[in-house]
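# Working through the structure, step by step
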Amino acid sequence: MLSSLIGRGQLTVRYPDGQVQVVRGSEAGGEAAFAIRDKRTIRRLLLNPGLAFGEAFMDGGIEPIGCSIHDLLTLLVENMTEREPASEMLMARVRQARRWLDQFNPAPRARRNAAHHYDLDGRLFSLFLDRDLQYSCAYFQTGQETLEEAQILKKRHIAAKLALDRPGLEVLEIGCGWGGMALTLARDWGARVTGITLSTEQLEVARARAAEAGLSDRVRFELLDYRAWNRPVDRVLSVAMFEAVGLAHYRGFFDVIRRSLTEDGVALVHSIGRSEGPGSTNPWLAKYIFPGGYSPALSEVLPAVESSGLWVTDLEILRLHYAMTIAHWRHRFAANRGTIRSLHDERLCRMFEFYLSGCELAFRHMGHMNWQMQLTRRVDALPLTRDWIHTAEAGAGRFHE
């Protein structure tokens with residue numbers, strides 16, 4: 001299996017009995033090595049490598065030798081973009097066939113899925129995110145920005161697309177995280193914001209931040225499923241939440257957006273996507289990080305938008321921005337690893353290291369990207385060209401026609 005997988009670079013494997021295998025590709029590339037601790041890990045890797053490799057790293061069944069897990073995954077991913085083990089190809093077809101069932105996501109299940117990741121100790125996230133706790137793709141205008149700068153630019157970019165052209169506009173934020181975006185819209189753009197979440201941990205932090213900032217009269221946060229929202233607002237925003245909606249619920253999601261907008265309202269949906277057409281979620285990621293999650297191809301999203309009767313008034317693809325964002329998170333996690341381990345344990349540290357490295361590489365090498373879709377009910381709700389977005393962004397809080 002390894003001989004057929006490695007086409008570039010060199011991979012060295014040490015087996016439980018001490019045997020060492022060196023696999024050299026026909027093309028130049030990086031080098032990495034790892035040890036397999038027991039025969040059970042070998043069997044699991046042969047049967048279901050997409051799940052077993054991450055589990056084995058978490059549990060110590062796989063140990064990098066002379067390199068980091070990021071170095072090892074980089075070599076494997078760079079090769080898997082051209083070659084893939086037959087067993088993984090088979091399992092991917094199985095996952096593709098059952099993804100509608102896996103992503104069936106009624107409100108109770110959505111709540112459990114959100115709690116799985118976002119109700120972890122908030123101190124963990126504060127140790128690798130930016131100061132505003134933005135847990136989504138940043139926006140790099142030059143690529144030289146710090147993480148703090150790029151996250152500010154992301155919020156500004158999104159706010160500009162919402163066309164907040166006058167103070168007092170009411171915004172519904174579906175999936176508000178720890179409240180940073182809502183507080184920015186209220187403080188810098190004069191909006192009145194309701195942020196909804198399914199995470200009790202995020203809700204508590206967001207409410208405390210609003211009170212501390214003196215914005216509780218302009219921003220409120222609720223524990224609420226988006227399907228329960230029942231009144232129109234001027235603007236609707238969803239950042240890094242659509243990945244949790246589920247394929248079977250796309251039409252319902254955009255129906256909610258349509259009925260939640262006033263006649264001249266504007267919505268902005270920001271999501272992870274895949275550029276190479278429909279696929280399936282990596283089984284390790286689905287089990288340990290984002291159960292029920294899926295990064296959709298636009299070919300799966302646009303039919304639901306069309307059926308809802310909404311206009312797509314702007315669509316932007318952010319290609320390498322998330323790879324750069326996650327690289328910052330990965331380095332910050334490594335710098336604070338000792339503290340994180342004292343709060344949790346070695347297994348969680350390894351889980352997050354595998355998660356951050358794998359996701360960064362998916363955006364660098366495996367066709368993942370982010371898309372931002374602006375939506376309206378009316379064809380004439382916005383100016384004729386998109387130049388106004390850049391003007392509003394440059395004004396940083398002021399809209400200009």
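Residues numbered from 1 in each chain as written. Predicted model: local features only at pLDDT ≥ 70, side-chain atom pairs only at ≥ 80, totals over all residues. Heavy atoms only, no water.

Right, let's talk about the packing of aromatic side chains for a bit. Considering all chains together, one arrives at 26 aromatic pairs under this definition. Both rings, one in phenylalanine 125 and one in phenylalanine 128, keep their centres 5.9 Å apart while their planes meet at 45 degrees; by these two values the pair is tilted. Here phenylalanine 125 and phenylalanine 128 have matching classes, each one buried. Measuring from ring centre to ring centre gives 5.1 Å for phenylalanine 242 and phenylalanine 253, while their planes differ by 65 degrees; the resulting arrangement is edge-to-face. (Phe/Tyr/Trp six-rings, centres within 6.5 Å; stacked < 30°, edge-to-face > 60°. Buried < 20%, exposed > 50% of the residue type's maximum accessible area, 1.4 Å probe, protein only.)

Now for the state of the cysteines. For the structure on display, the rule yields zero disulfides. Free cysteine: cysteine 67, not disulfide-bonded; nearest cysteine sulfur from cysteine 349 at 18 Å. Looking at the unpaired cysteine 349, the closest cysteine sulfur is the one in cysteine 359, lying at 17 Å. (Disulfide = S-S within 2.5 Å.)

Turning our eyes to something else, we now look at the nonpolar core. Phe53, Trp284 and Phe352 are the most contacted members of the largest nonpolar core, which has 59 residues in total. By residue number, the principal contributor to this core is helix 17 (residues 346-365), which donates 10 residues. In this view, phenylalanine 53 contacts Phe34, Leu45, Ile62, Ile69, Leu72, Leu73, Leu76 and Phe354; residues no more than four positions away in its chain are not counted. (Core = buried A, V, L, I, M, F, W, Y, C linked by side-chain atoms within 4.5 Å. Helix = DSSP H or I, 4+ residues; strand = E, 2+ residues; numbered from the N terminus. Contact = heavy atoms within 4.5 Å.)

Attention now moves to the pairing of strand 3 (residues 27-36). Pairing geometry for strand 1 (residues 8-14) and strand 3, over six bridges, is parallel. In the strand pairing of strand 3, threonine 12 is matched with alanine 33. Two strands pair when backbone bridges link them, and strand 3 and strand 4 (residues 62-64) are joined in this way by three bridges, in the antiparallel orientation. Note on strand 4: the bridge partner recorded for phenylalanine 34 is proline 64. (Pairing = 2+ DSSP bridges.)

Turning our eyes to something else, we now look at the side chain of asparagine 79. Tracing the chain through its elements places asparagine 79 in helix 4 (residues 69-80). Judged by relative accessible area, which is 3%, asparagine 79 ranks as buried. In terms of polar contacts, asparagine 79 uses its side chain to reach the backbone amide nitrogen of glycine 7, at 2.6 Å. Not counting chain neighbours up to four residues away, the residues in contact with asparagine 79 comprise Leu5, Ile6, Gly7 and Arg8. (Polar contact = N/O pair within 3.5 Å; in protein donor to acceptor, adjacent residues only side chain to side chain.)

The mixed open sheet is built from four strands, whose spatial order is 2-1-3-4. Each having just a single partner strand, strand 2 (20-24) and strand 4 make up the two edges of the open sheet. Taking each pair of neighbouring strands and ignoring which way they run, the sheet shows an average axis angle of 25 degrees. Note: strand 1 against strand 2, five bridges, orientation antiparallel. (Axes fitted to C-alpha atoms, helices over the stretch in contact; angles between N-to-C directions.)

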